[in-house]
Amino acid sequence: QVQLVESGGGLVQPGGSLRLSCAASGSILSIYKMGWYRQAPGNQRELVAAITSGGSTNYAESGKGRFTISRDNANKMIFLQMNSLKPEDTAIYYCNADILTLYGTKDAYWGQGTQVTVSS
């Protein structure tokens, strides 16, 4: 079994900051690309940022210059530092990871999501 658990969401005022964390656990042999996605009500889930095992990153245009994704390979974690938050950043944020398990299967796994609400 593989689990991804997010934390760090909450309510923040416009212009504020939040730091999301995601921890992977279970029967993991290797973790490849990891990323953050978000889904607002009525919208499709969209990529926010992704990071490879080597540290290469890519960002959606909406978060460039405001969001920073980072990774701790030793502890199987990724983080998303979000600054200058806007009301349109309000969404459920999901952690995603491409994982090779101890059983030799490779699949994409999702966390349960953490709510981020930007409002005054």
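This text goes with the structure placed above it.
Residues numbered from 1 in each chain as written. Predicted model: local features only at pLDDT ≥ 70, side-chain atom pairs only at ≥ 80, totals over all residues. Heavy atoms only, no water.

**With respect to the overall build of the protein**
Here is the rule we go by: A run of H or I in DSSP becomes a helix once it reaches four residues, and a run of E becomes a strand once it reaches two; helices and strands are each numbered from the N terminus. Only C-alpha atoms enter the radius of gyration, while the globule expectation follows 2.2 Å times N to the 0.38, with N the number of residues. For each residue, the accessible area found with a 1.4 Å probe, counting protein chains only, is set against the maximum for its type, and the residue is called buried under 20%, exposed over 50%, and partly exposed in between. The contact definition used throughout considers only heavy atoms, calling two residues in contact when any of these lie within 4.5 Å. What sets the accessible areas is the Shrake-Rupley method with a 1.4 Å probe; for residues, cover comes only from the shown protein chains.
Scanning the protein for helices and strands turns up zero helices and 11 strands. Written out in order from the N terminus, the α and β elements of the protein read β-β-β-β-β-β-β-β-β-β-β. In terms of overall dimensions, the protein is globule-like: its C-alpha atoms have a radius of gyration of 14 Å, near the 14 Å expected for 120 residues. Seen through its principal axes, the protein has C-alpha atoms that stretch 45 × 25 × 20 Å. Every one of the 120 residues in the protein was classed for burial, and the buried ones make up 42%. Sequence-distant contacts, at least 24 apart, represent 56% of the contacts inside the protein between residues at least 6 apart. Looking at the protein as shown, the accessible area adds up to about 6,200 Å², and 47% of this sits on carbon and sulfur atoms.

**Here's the deal with a nonpolar patch on the surface**
Where we set the bar: A patch is a set of surface residues, each over 30% in relative accessible area and not in a salt bridge, joined within 9 Å for like charges and within 5 Å for the nonpolar side chains Val, Leu, Ile, Met, Phe, Trp and Tyr. Salt bridge criterion: a side-chain nitrogen from Lys or Arg within 4 Å of a carboxyl oxygen from Asp or Glu.
A grouping of L29, L102 and Y103 is seen on the molecular surface, where their side chains present a nonpolar patch of about 380 Å² in accessible area. Its location among the elements puts Y103 in the loop between β9 (91-101) and β10 (106-110). Using a relative accessible area of 63% as the deciding quantity, one classes Y103 as exposed.

**As for the side chain of T114**
Within the element layout of this structure, T114 appears in strand β11 (residues 114-118). A relative accessible area of 11% means that T114 is categorised as buried. Not counting chain neighbours up to four residues away, the residues in contact with T114 comprise E6, S7, G8, G9, L20, A91, I92 and Y93.

**Some details on the packing of aromatic side chains**
Short version of the rule: Two aromatic rings, drawn from Phe, Tyr or Trp (for Trp, its six-membered ring), form a pair once their centres lie within 6.5 Å of each other, and the interplanar angle then sorts them: stacked below 30 degrees, edge-to-face above 60, tilted otherwise. A ring is scored as having a charge over it whenever the NZ atom of a lysine or the CZ atom of an arginine sits within 6 Å of its centre and within 35 degrees of its normal.
One pass over the full model with this rule turns up one aromatic pair. Seen from their ring centres, Y37 and W110 are 5.0 Å apart, and the 65 degrees between their planes marks the pair as edge-to-face. Of this pair, Y37 sits in strand β4 (residues 28-39) while W110 sits in strand β10; the two residues are 73 residues apart in sequence, bridging distant segments of the chain. Over the face of the ring belonging to F79 we find R19, whose NZ or CZ atom lies 4.1 Å from the ring centre. For R45, the ring lying beneath its charged end belongs to W110, and the centroid distance is 4.6 Å.

**Quick notes on the state of the cysteines**
Put simply, the rule reads: Two cysteine sulfurs form a disulfide in these notes if their separation is within 2.5 Å.
Applying the stated criterion to the full structure yields one disulfide. The partner cysteine of C22 in its disulfide is C95, sulfur to sulfur 2.0 Å. Here the S-S torsion is close to -80 degrees, and the disulfide linking C22 with C95 is therefore left-handed. Here C22, found in strand β3 (residues 18-26), pairs with C95, found in strand β9; they are 73 residues apart in sequence, far enough to count as distant. In this structure C22 comes out as buried when scored by relative accessible area, which is 0%.

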